[in-house]
Amino acid sequence: MRKNLICVLLVLSLSALTAFASGNSEQAAATGAPSGTVDFVNVWGGTRVPLMDKIIKEFEQQHPMITINSELIPQSGMNERYLTSIASGTPADVIMLNRNQLPYFASQNALTSLDSYLKRDGMDMSKIYYDAEAKLSQWKGVTYALPNATATGWALLFWNKTMFKEAGLDPNKGPQTWQDISALNDKFRKTSNGDVRQVGLPPESDPAAFYTKWLGADNGQFLRDDLKKLAIDSPESKATLTWVYGELKKVGGIDKLTSFYDYAAPNDTSTQARTAFYNGKAAMLLDGVWMFYQIPQEAPKGFDYGVTTIPYNGNNPNARSSVLVDGGWGYSIPHGAKHADAAWEWLKFACAGQGSKEFFQGQTRPTPIVEANQDKWYYDNNPYWNVVIKDAENATFSQPLPVSPEIKTAINNAIEPVLYGKTTIDAGLAAAQSAGQKILSDYWAKQH
Amino acid sequence: MISPWLLRFLVLTVGPMLASLYFSFTDYPILSAPQWTGVDNFRTMVASDDLFWLSLGNTFYYVGISVPLNIVASFGFALLLNRKLRGEDVYRTLVYLPAMVPIVASAVLWKWIFNSQSGLSGIFFHLLGMQSPHWFENPALSKPALIIMSLWNIGPPITIFLAGLQGIPGYLYEAAHIDGAKPMTQLFRITLPIMTPVVLFNLVMGIINSFQVFAPAYIITQGGPLNSTMFFMYHLYRQGFQFFKMGYASALSWVLFAIILLFTLTIFRSSRSWVFYHGAG
Amino acid sequence: MVRNSTSGTKAALGRAAAYLVIIVVSVLFLLPFFWMLKSSFQTVREINAFPPEVFPHHLYLKSYVDGLTAYLPFGRFFLNTVFLTIVVLIGHVFSSSLVAYPFARLTFPGRNILFVVMLSTMMLPPSVTLVPLYLIFSKLRWINTYLPLAVPAFLGWPFYIFLMRQFMMGIPEELPEAARIDGLTEPGIWLRIMVPLCAPALVSISLFSIINTWGDFMQPLIYLRDQATYTIALGLQMMQGLDQQIRWNDVMAVSVLTTIPPMLIFLFFQRYFVQGVTFSGSKA
């Protein structure tokens, strides 16, 4: 009996210990010159491994006192890994974080501020990086990450030149406005026995698409400027959803779209729209800068394409070609990292210096660094480089908050019925606004 | 024999469980200390969380159909495999093959199988002269699709049933055969009664596991369409690891725990009347 | 176990029908593996091609070479996984048979309650115990070792304990009784009577344990820091890199290769153990 009681007490005290053990433990201050082994957790797996090895070697040659230990992890399980290691006070020295999660981690005091490092080394975020990139790396005015991959460059309009030519269109002229897209959709849409067999730009079936991809091109916002109100019920938002859903309806709704994808993209190993594009069943595609690298490898030989920045709403005089950006990979130094100074050197190299340039050039992708993107190499190797630059310069910054994932889920839950034809656009937007606003208001109420 | 094991077991297993029980009464963002909030989480669950009821309903639907289906299918197939067949080793390995396919491949693979045009579903319905329905994109058929998928995982129950069938003494059947008993009678009078402990096992494990169904919904349908595959465990996981509300997630998990425990205890209680242990109990 | 085998068309038809069902079901079960295999022999272009290619018309073997060499040290991962699997296997077999015995054959106060408590530890979703458990291991300084992955196996996994208990309860009391009269102690009874008679269950447990360890990537992901200690399942996940640039044929090639060892072990195990069991079980 006595033994059992001791057991129970032991268990309870251990449980209590674990409950309060999360949070930050005091670490001894880092010693002088940057040296040591930097544990660097990242998700640059697959084909990027050789590139990463290459730049790590270069860095170590330049910094003989520092060794970089690259810990590759898969994307699924990232949060589990970061949360457990930070909560137990044994974080890595550098973590690769999607900057839409930066507000959460920063507000939990889980990241080291980089301001003092920036000041010491005379670096001005707003001068090095594009405006949106710099802002996305900060929380409440303090910088907590250096941008690594761009937050931009994921929504470019590609079109199949061969299909345009065959349809009697100018193959060098892509759509500029939503209205252009609608006209092209009508032209390219082909049905057979009531089933859709070919489309222009594949319509969206994802309820989040209208506000993540297209809202920016209608001069819309996700949150209002004061960040306290959701802008999902704005006229711009309604116009965007109306257009997006309109194109879906023209194809016959989700049911017909699914049939189309089952037919045109049966092996769906990337995204269905992309596969349909490769197979010549879709004349256009909204996708990212990685396509410059993928198309030569995955599309049929001789695939001829054009690309332009995202088309905007021609009916809105204030609209221009722009995408709302609220994420993108960055490198951060967790609070409690053992080799913060050495980690900072790596950050500079990989996000603001030569490392960044080589790593992304090796993938024919842009960097978030203004100057690096002007490198002649890009212009020589990619005839559409000016499109990429324009996209980066035109991006609209959209502030992520710690509660953004929850808000977005609530919005998606309210909008999905609209796409399935179960409710009207107005009702859906109203429900989205009310559900999302509640979460937002609760968040702000807790901030005081 | 038990006490040292018991101590370590308590620390490594029961300890974290008690911790999470504590968390369920708190607001716990994981990266900072939990804040006590009393029964707030439970109140929110019942009064203002639509997905709580929806995901619970989805889960009950899944459990209610997949568990009986899986038990009948695996028992039936085990009976079939229990004969002296040529290549029986191969068949018994084959039923395990789907479990060995890496998760990585699952999403693409199953979409291919259920593809209404060129996948297995499309071909099957085409042979019947009909149009294949859409499965994962149809709110009414998404759960049935996942239930059908679950049949590919009956390797483990089949293996366990086979292990049980192998342990049935041969003389029982010989005696019955001499008495002139037909195969069906042998099945109901000899096989089934002796197999009841194994049936109990697969039933209880089936319940415990299927109430926690998560991976297929997470990987393939992301809870959709229209939250038709938003299972309780997915809802819980999202609250904890994507919204960082581990306190609320813990509260949800203990509700699930209570439900599973209730079902399990009820089954055990009922087992006194239908489970027959050959040896001493 | 002997099935009645009366001659005549009825029995033959029954057999044929059984075979047919088995073959059809087997083909269905083969589908996932077949898709993996076919994709591993295609180029990425062919995987996406329209109309879809069900049977690759030539064998593109480079994915196998690339998959294994161009990304990560899979040879190393393979050895790690084999090591871990064996250790965990020993733990599971040992602990499940040991802990199940008192639950099945001995009576002591609180036995049933303890059994339910043990079983109930499977009823709480692991998502919410992940962090506290990690913190415990962190305090023990077991992070970045195989200990958090191996030690729990020696403490027993309730699923296996439950299974062994069911089997042990099915063994007639006469056998251990006779052994007790002959002077065998409880541990002796456990080792010489219970364990051998539960061999089919142990084989099942072994197979499950191997499959689970082989395919688990979440545990290695959060507990291991040193890439040289990673396992195959984790390596496979890492091969995906970021969503946009997965080379599916390489991933499938490695998947095929990593599925083959467990498959072979399966076939081998069954042949070996089933023989032993059929002879001893029916003697009872």
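Each value, and the rule that gives it
Residue numbers run consecutively from 1 along every chain, following the written order of its sequence. A letter from A marks each chain and a number from 1 marks each ligand, given out in the order of writing. Reporting in this predicted model follows two pLDDT cut-offs: at least 70 for local features of residues, and 80 or more for side-chain atom pairs to be given and counted; totals over whole chains, interfaces and linings ignore these cut-offs and use all residues. Each side-chain value is derived from all of the structure's non-hydrogen atoms; neither hydrogens nor water enter the calculation. In this text, helices come from DSSP runs of H or I with a minimum length of four residues, and strands from runs of E with a minimum of two, each type numbered from the N-terminal end. Buried, partly exposed and exposed residues are distinguished by accessible area as a fraction of the type maximum, computed with a 1.4 Å probe on protein chains only: under 20%, between the cut-offs, and over 50%, respectively. Residue contacts are counted whenever heavy atoms from the two residues lie within 4.5 Å of one another. The Shrake-Rupley method, run with a 1.4 Å probe sphere, supplies the accessible areas, and residue values consider only the shown protein chains as cover. Buried Ala, Val, Leu, Ile, Met, Phe, Trp, Tyr and Cys residues that are joined via side-chain atoms within 4.5 Å together make up what is termed a nonpolar core. Here the quantity called buried area is the accessible surface, traced with a 1.4 Å probe, that two parts lose on coming together, added over both. The salt bridge definition used is simple: a Lys or Arg side-chain nitrogen within 4 Å of an Asp or Glu carboxyl oxygen. Polar contacts here mean pairs of N or O atoms no more than 3.5 Å apart (in protein, one a potential hydrogen donor and the other a potential acceptor; neighbouring residues in sequence count only if both atoms are side-chain atoms). Pairing between strands is defined by DSSP: at least two bridges between them are needed. Angles shown run from 0 to 180 degrees and are taken between the N-to-C directions of axes, each axis being a line fitted to C-alpha atoms and, for helices, limited to the stretch in contact. The nonpolar class holds Ala, Val, Leu, Ile, Met, Phe, Trp, Tyr, Cys and Pro. Asp, Glu, Lys and Arg form the charged class, and all remaining residues, Gly among them, are polar. Each helix crossing is assigned a hand: it is left-handed if the near helix lies turned anticlockwise from the far helix by less than a right angle, otherwise right-handed if that turn is clockwise. To pair, rings of Phe, Tyr and Trp, with the six-membered ring standing in for Trp, must have centres within 6.5 Å; the planes then decide the type, stacked if under 30 degrees apart, edge-to-face if over 60, and tilted in the middle. Here, over-ring charges are defined by two tests on the NZ atom of lysine or the CZ atom of arginine: distance to the ring centre within 6 Å, and angle to the ring normal within 35 degrees. Each residue carries a pLDDT value, the predictor's own confidence for that position, ranging from 0 to 100.

From N to C terminus, chain C includes 14 helices and zero strands. From first element to last, N terminus to C terminus, chain C shows the α and β order α-α-α-α-α-α-α-α-α-α-α-α-α-α. Here chain C, with 284 residues, has 56% of them falling under the buried criterion. The contacts in chain C between residues at least 6 apart in sequence include a share of 73% that link residues at least 24 apart. Split by element, the accessible area of chain C, about 12000 Å² in all, is 70% carbon and sulfur.

This part takes up the nonpolar core. Counting 334 residues, the largest nonpolar core has Phe105, Phe158, Tyr331 and Trp346 of chain A as its most contacted members. Counting residues in hydrophobic clusters, the runner-up holds five residues, among them Ala132, Ala151, Val325 and Ala395 of chain A.

Moving on: the interface of chain B and chain A. Accessible area lost on assembly of the parts is the figure often given for the size of an interface. At the junction of the two partners, chain B supplies 39 residues and chain A supplies 42 residues. Around 3500 Å² of area is buried between chain B and chain A when both sides are counted, 61% of it from carbon and sulfur atoms. Of all residues in chain B, the largest losses of buried area upon contact with chain A belong to Leu31, Leu226 and Phe244 of chain B, amounting jointly to 22% of the total for that side. Counting the contacts that link chain B with chain A gives one salt bridge. Between Lys245 of chain B and Glu406 of chain A there is a salt bridge, with the nearest N and O atoms lying 2.9 Å from each other. Linking chain B with chain A are twelve residue pairs in polar contact (both at pLDDT 80 or more). Those elements that place two or more of their residues in the side of chain B that touches chain A are helix 1 (3-23), helix 6 (103-113) and helix 13 (232-242) of chain B. Looking at the side of chain B that touches chain A, the element that brings in the most residues is helix 1 of chain B, giving nine residues.

All right, on to the sheet that holds strand 6 (residues 146-147) of chain A then. Within a sheet, adjacent strands bond to each other through the backbone by hydrogen bonds, running parallel or antiparallel. Residue and element names in this part refer to chain A. The strand order across the open sheet built from five strands is 2-1-3-13-6, with neighbouring strands paired in mixed fashion. One side of each edge strand has no neighbouring strand; the edge strands of this open sheet are strand 2 (66-72) and strand 6. Pairing of strand 1 (residues 36-42) with strand 2, which is carried by seven bridges, proceeds in the parallel orientation. Looking at the pairing, Val41 lines up with Glu71 of strand 2. Against the sheet, helix 3 (residues 78-87) makes contact with strand 1, strand 2, strand 3 (94-98) and strand 13 (329-332), and its axis sits at roughly 135 degrees relative to strand 3, the strand it touches most.

Across the boundary between the two partners, chain B contributes 95 residues, which contact 88 residues of chain C. Summed over both sides, the interface of chain B with chain C buries roughly 8400 Å², with 79% coming from carbon and sulfur. Linking chain B with chain C are three residue pairs in polar contact (both at pLDDT 80 or more), by the criterion used here. Here the residues of the side of chain B that touches chain C sort into 70 nonpolar, 19 polar and six charged.

A few words now on the packing of helix 3 (residues 50-81) of chain B against helix 8 (residues 142-150) of chain B. Residues and elements named next belong to chain B. Where helix 3 contacts helix 8, the two axes come as close as 10 Å, and the packing angle between them is 35 degrees. The hand of the helix 3/helix 8 crossing is right-handed. The residues of helix 8 that touch helix 3, namely those facing Asn58, Tyr61, Tyr62, Ile65, Ser66, Leu69 and Asn70, are Lys143, Pro144, Leu146, Ile147 and Ser150. Across the contact of helix 3 with helix 8, the residue classes break down as seven nonpolar, four polar and one charged.

For the rest of this paragraph, the subject is the packing of aromatic side chains. Taken as a whole and assessed by the stated rule, the structure comprises 71 aromatic pairs over all chains. Between Trp214 of chain A and Trp243 of chain A the ring centres are 4.9 Å apart and the planes differ by 75 degrees, which places this aromatic pair in the edge-to-face class. One end of the pair, Trp214 of chain A, is in helix 10 (residues 209-214); the other, Trp243 of chain A, is in helix 11 (residues 235-251), with 29 residues separating them in the sequence. Taken as a pair, Trp214 of chain A and Trp243 of chain A share a single burial class, namely buried. Sitting above the plane of the Tyr61 of chain B ring, Lys143 of chain B keeps its charged end 5.0 Å from the centroid. Looking at Arg238 of chain B, its charged tip hangs above the ring of Tyr234 of chain B, at a distance of 6.0 Å from the centre.

The next point concerns the confidence of the model for chain C. In the predicted model, chain C carries a mean pLDDT of 81, and 90% of its residues have values of at least 70. Reported for the predicted complex are a pTM of 0.89 and an ipTM of 0.89.

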